[in-house]
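Spelled out from the first residue to the last, the chains are:
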Amino acid sequence: MGIFTRDDSDTGGGTDVLDRELEKLLEDSQIEDGDHERFSHYVPKEKIMESAVTGKPVRALCGKKWTPSRDPEKFPVCPDCKRVYERMRK
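Residues numbered from 1 in each chain as written. Predicted model: local features only at pLDDT ≥ 70, side-chain atom pairs only at ≥ 80, totals over all residues. Heavy atoms only, no water.

Focus on the overall build of the chain
Okay, so step 1: Along its length, the chain carries three helices and two strands.
Okay, so step 2: Listed by position from the N terminus, the elements making up the chain come as α-α-β-β-α.
Okay, so step 3: Expressed as a percentage of its 90 residues, the buried residues of the chain come to 39%.
Okay, so step 4: Surface summary for the chain: the accessible area is close to 5,600 Å², and the carbon and sulfur share equals 49%. (Helix = DSSP H or I, 4+ residues; strand = E, 2+ residues; numbered from the N terminus. Buried < 20%, exposed > 50% of the residue type's maximum accessible area, 1.4 Å probe, protein only. Areas by Shrake-Rupley, 256 points an atom, 1.4 Å probe, with all protein chains shown as cover.)

Here it is in structure tokens:
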């Protein structure tokens, strides 16, 4: 797959609102260059599957938008995604 995951959806959190906001950002934004190649990002699991099937870009919790193509296990977790995720869990 690609640099795209950390989905701990079974831990709860307010992901429905975030999913809607991310979908809007996906519709409104272009694919970004940046450090997404250096980190593993948090992305809802269903978006990862959709991207794998359709090639549609995903938006991480930190706001990065890209088309996944690398193994996320080979990269450290994005610190911005991790901060957003931790706030969602509270």
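That shown, we press on.
Things to note about the confidence of the model for the chain
Okay, so step 1: For the chain, mean pLDDT is 77; residues scoring 70 or higher make up 66% of the total.
Okay, so step 2: Mean pLDDT values for the elements of the chain range from 66 in helix 1 (residues 15–28) up to 94 in strand 1 (residues 58–59).
Okay, so step 3: Confidence drops under pLDDT 50 across residues 7–12; counting only partners more than four residues distant or on other chains, this segment forms seven contacts. (pLDDT = per-residue confidence, 0-100. Contact = heavy atoms within 4.5 Å.)

Some details on the nonpolar core
Okay, so step 1: Tyr42, Val43, Ala60, Leu61, Trp66, Cys81 and Met88 are the most contacted members of the largest nonpolar core, which has 14 residues in total.
Okay, so step 2: Counting residues per element, this core draws most heavily on helix 3 (residues 79–89), which supplies four residues. (Core = buried A, V, L, I, M, F, W, Y, C linked by side-chain atoms within 4.5 Å.)

A word on the pattern of salt bridges
Okay, so step 1: Throughout the structure, instances matching the rule amount to three salt bridges.
Okay, so step 2: Across the pair Glu50 and Lys47 runs a salt bridge, and its minimum N-O distance is 4.0 Å. With a gap of three residues between them, Glu50 and Lys47 both fall in helix 2 (residues 45–54), about one helical turn apart.
Okay, so step 3: When its relative accessible area of 29% is taken as the criterion, Glu50 is described as partly exposed.
Okay, so step 4: Between Arg83 and Asp80 there is a salt bridge, and its shortest N-O distance comes to 2.2 Å. In this pair, Arg83 and Asp80 both sit in helix 3, three residues apart, roughly one turn of the helix. (Salt bridge = Lys/Arg side-chain N within 4 Å of Asp/Glu carboxyl O.)

Topic: helix 3
Okay, so step 1: Every buried residue belonging to helix 3 is among Cys81, Val84, Tyr85 and Met88, and all of these are buried. Mapping the buried residues of helix 3 onto a view down its axis gives an arc of 100°, with all of them on the same face. (Arc of directions from axis to C-beta.)

Let's talk about the environment of Gly63
Okay, so step 1: Relative to the elements of secondary structure, Gly63 occurs in the loop between strand 1 and strand 2 (65–66).
Okay, so step 2: Owing to a relative accessible area of 19%, Gly63 belongs among the buried residues under this scheme.
Okay, so step 3: Between the C-alpha atom of Gly63 and that of His41, which follows or precedes it by 22 residues, the distance is 9.7 Å.

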